[in-house]
Each structure stands twice: as structure tokens, then as C-alpha cells.
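Residue-level structure breakdown
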Amino acid sequence: LARGEAFADLAGLHVVVSAGGTREPLDPVRFLGNRSSGRQGYALARTAAARGARVTLVEANTQLPDPAGVDVVHVGTAVELRTAVIAAARDADAVVMAAAVADFRPSEYATGKIKKKDGREPAPIALVRNPDILAEISADRPRADQVIVGFAAETDDVLANGRDKLRRKGCDLLVVNEVGERRTFGSDDNEAVILATDGTETPVPHGPKEVLSDTVWDLVLPLLR
Ligand code: CTP
Ligand code: CA
């Protein structure tokens, strides 16, 4: 058994986990997306349920089967994910934002398929910023004792960027992992450092996403009153 799993130490708690990657449509057949598989978020949902929590999983474009005993809300875009997370977070003890949320979306949606035009270069795709869901829910909590966890995927200066991001987002814990073409995305394993606002850094060695998930819940528990 992984740490904690023998006990229903999350019983009586409602936790919200976002998972997957948002897709931002350009036209009815095309979107801007990312490589997130959703597996880390699903592992967080499964481990929380195994430890007795009521779990709401807000899922974006994962292709993964709904985990047993978990309430799953399916969304597509960042704006839809925001609405679903804020609604589920209203009575939540903890929220974990494991989803890869697109930072930008096309400023315009073409209701018909965008077609090539003979002899002409394509028009550039104009983008606008999406809402920062993690920063928003961290700044505006329904209860002062709600615990909020973010994830950070970094390719360079992983720890320095992570510490800076923890401050900027205003969440309680930030799980920082290094990503690249063959690292983390789509894999069963993960390796991370979990940063806390009190300066604590908890390294989690390379291993199954369940182990990282249980470590996250272990760190969330003492922050809940
Ligand atoms: N996040 C979010 N809403 C966004 C973008 C990100 O809630 N619009 C959340 C992610 O779910 C994750 C955390 O913020 O938990 C960090 O995501 P990341 O992409 O690493 O951070 P950004 O602030 O978008 O910074 P960057 O410019 O490095 O992408
Ligand atoms: Ca981002």
C-alpha cells in the first residue's frame, strides 16, 4: 500500500481535481491544444477516493475512463473548465489544479471551416488571454481554510520558476515538474518537488503518479483545519 492508503484519512472531505488539457477551438474542426494526458489528475482523484474523500474530477479532453466512485464533469475549453471548477469548489475543502490550461485562445471562432484561398498566405491567428483559474480561486476562496494546490510544468530553471510561480498564483502548494518532449506527458511516472508557502520543499523521486498523488494529499491534510 502507498502511504496513507490504509486509512480513510480524507473521509468527510470534498476535494476537487482538474485534469487533462483544454482545447481552444479555431473553427468546427480545429483547435489549439497541449500534450497533457490527464494521468496525474486521474491518479490524484483515484488516491483521494481510496482515502475516503468525496471527489469531483473536472476533466478536459483526456480519453480516460471515469474512475469508479468519483463525480466526473467533462469540459473542453479553459472557460468551461473555469466555470466547472468554481462551481465544484464552492463547498470544497481542497482544490488541485492538475489540468494544463491553455494560456491563450483564438480571439475569434470561425463558425464555418477556415478554407485556403488561392495564391494567398494564411491570415495569422490572433490570440487573447484565458482567465487564470488557479490565481482566481486562490485570491477569492469561499472559505479561508480551503487548501489550493497548483501544478507547474517547467522546461528551464525549474525551481526558481516554481518558487516565483507559487508566490504569483497565491496557492498553498505548488507541484513543480520538469517537462519536455519525452518527460512526464503521457507517462505513467512523474518526478517533482512540492513547494509550500512556508518555504518547505518536498522532493518526490521518480515513480508512479499515485505516489506523487499520495504525497500531495499527505501535505494537504495538515493544512486543513
Ligand atoms: N492555470 C490556470 N489557469 C490558466 C493557466 C494555468 O488555472 N489560465 C493553472 C494550472 O492548472 C497549473 C498552474 O496554473 O496548476 C500553473 O500552470 P503553468 O502553465 O505552469 O503557469 P502559468 O501561470 O500559465 O505560467 P507560464 O507562463 O509558465 O505558462
Ligand atoms: Ca501556462
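Residues numbered from 1 in each chain as written. Chains lettered and ligands numbered in written order. Predicted model: local features only at pLDDT ≥ 70, side-chain atom pairs only at ≥ 80, totals over all residues.

By the naming in an unreviewed UniProt entry, the protein goes by Coenzyme A biosynthesis bifunctional protein CoaBC and is assigned to Streptomyces yaizuensis.

For an α-helix, the turn length of 3.6 residues means that residues three or four places apart are oriented alike. Taking 1.5 Å of rise per residue, the 12 residues of helix α1 (residues 39-50) would be expected to cover 16 Å, and the 16 Å separating its terminal C-alpha atoms lies within 8% of that figure. The element α1 is extensively covered by neighbouring structure, given that 12 of its 12 residues are classed as buried. Of all the positions in α1, only Arg39, Gln40, Gly41, Tyr42, Ala43, Leu44, Ala45, Arg46, Thr47, Ala48, Ala49 and Ala50 are classed as buried. (Helix = DSSP H or I, 4+ residues; strand = E, 2+ residues; numbered from the N terminus. Expected span 1.5 Å × (residues − 1). Buried ≥ 20, exposed ≤ 12 C-beta atoms within 10 Å, placed from the backbone.)

This brings us to the packing of α1 against helix α5 (residues 209-220). In the contact formed by α1 and α5, the axes pass within 8 Å of each other and the chain directions differ by 60 degrees. Compared by their axis directions, α1 and α5 come out oblique. Along this stretch, α1 crosses α5, giving a crossing that reads as right-handed. Touching Arg39, Gln40, Ala43, Leu44, Thr47 and Ala48 of α1 are Lys209, Glu210, Ser213, Asp214, Val216 and Trp217, all from α5. Residue composition of the contact of α1 with α5, by class: five nonpolar, three polar and four charged. (Axes fitted to C-alpha atoms, helices over the stretch in contact; angles between N-to-C directions. Parallel < 35°, antiparallel > 145°, perpendicular 65-115°, else oblique. Left-handed = near helix turned anticlockwise from the far one by under 90°. Contact = placed C-beta atoms within 7 Å. Nonpolar A, V, L, I, M, F, W, Y, C, P; charged D, E, K, R; others polar.)

Turning our eyes to something else, we now look at the site of ligand 1. Taken together, 14 residues lie near ligand 1, and Met97, Val101, Ile133, Leu134 and Gly150 sit nearest. Here the shell around ligand 1 gets four residues from one element, more than from any other, and that element is strand β9 (residues 147-154). When grouped by side-chain class, the residues that make up the shell around ligand 1 number nine nonpolar, two polar and three charged. (Near = placed C-beta within 6 Å.)

A word on the UniProt feature "binding site: CTP" (unreviewed entry) in the protein. Within the UniProt annotation, "binding site: CTP" (unreviewed entry) is assigned to Asp103, Lys113, Pro131, Asp132, Ile133, Leu134, Phe151, Lys165 and Lys169. Judged by maximum C-alpha separation, these annotated positions cover 67 residues in sequence and are scattered in space, the widest gap reaching 37.8 Å. As for its placement among the helices and strands, Leu134 is situated in helix α3 (residues 133-139). Take Leu134: there are 26 C-beta atoms within 10 Å of it, and that puts it in the buried class. (UniProt positions renumbered as here; feature names shortened; annotations may be inferred.)

Once that is clear, we can look at the sheet that holds strand β11 (residues 189-196). As summarised here, the arrangement of the eight strands in space is β5-β4-β1-β6-β9-β10-β11-β12, forming an open sheet in which the pairing is mixed. Looking at which strands have only one partner, the edges of the open sheet turn out to be β5 (71-75) and β12 (201-208). On average, adjacent strands in this sheet sit at an angle of 15 degrees to one another, irrespective of strand direction. Inspection of the sheet shows strand β6 (residues 94-97) paired to β9 by four bridges, in the parallel sense. (Pairing = 2+ DSSP bridges.)

Attention now goes to the environment of Ser138. Within the secondary structure layout, Ser138 lies in helix α3. For Ser138, a count of 20 C-beta atoms within 10 Å corresponds to the buried category. Separated by 43 residues in sequence, Ser138 and Val95 have C-alpha atoms that sit 9.5 Å apart.

By the criterion of burial, strand β10 (residues 173-178) is predominantly enclosed, with five of the six residues buried. Sheet topology note: the β9/β10 ladder contains six bridges and is parallel. The residue of β10 that forms the bridge with Gly150 is Leu174. In the classification by handedness, the crossover that spans β9, the intervening helix α4 (residues 158-169) and the parallel β10 is right-handed. Relative to β11, β10 runs antiparallel, the two sharing four bridges. Of the residues in β11, the one forming a bridge with Leu174 is Leu195. (Right-handed = clockwise from strand over helix to strand, strands pointing away.)

Mapped onto the elements, Arg143 comes out in the loop between α3 and β9. Accessibility expressed as a C-beta count within 10 Å gives 12 for Arg143, which makes it exposed. Residues Arg143 and Leu223, 80 residues apart in the sequence, show an inter-C-alpha distance of 13 Å.

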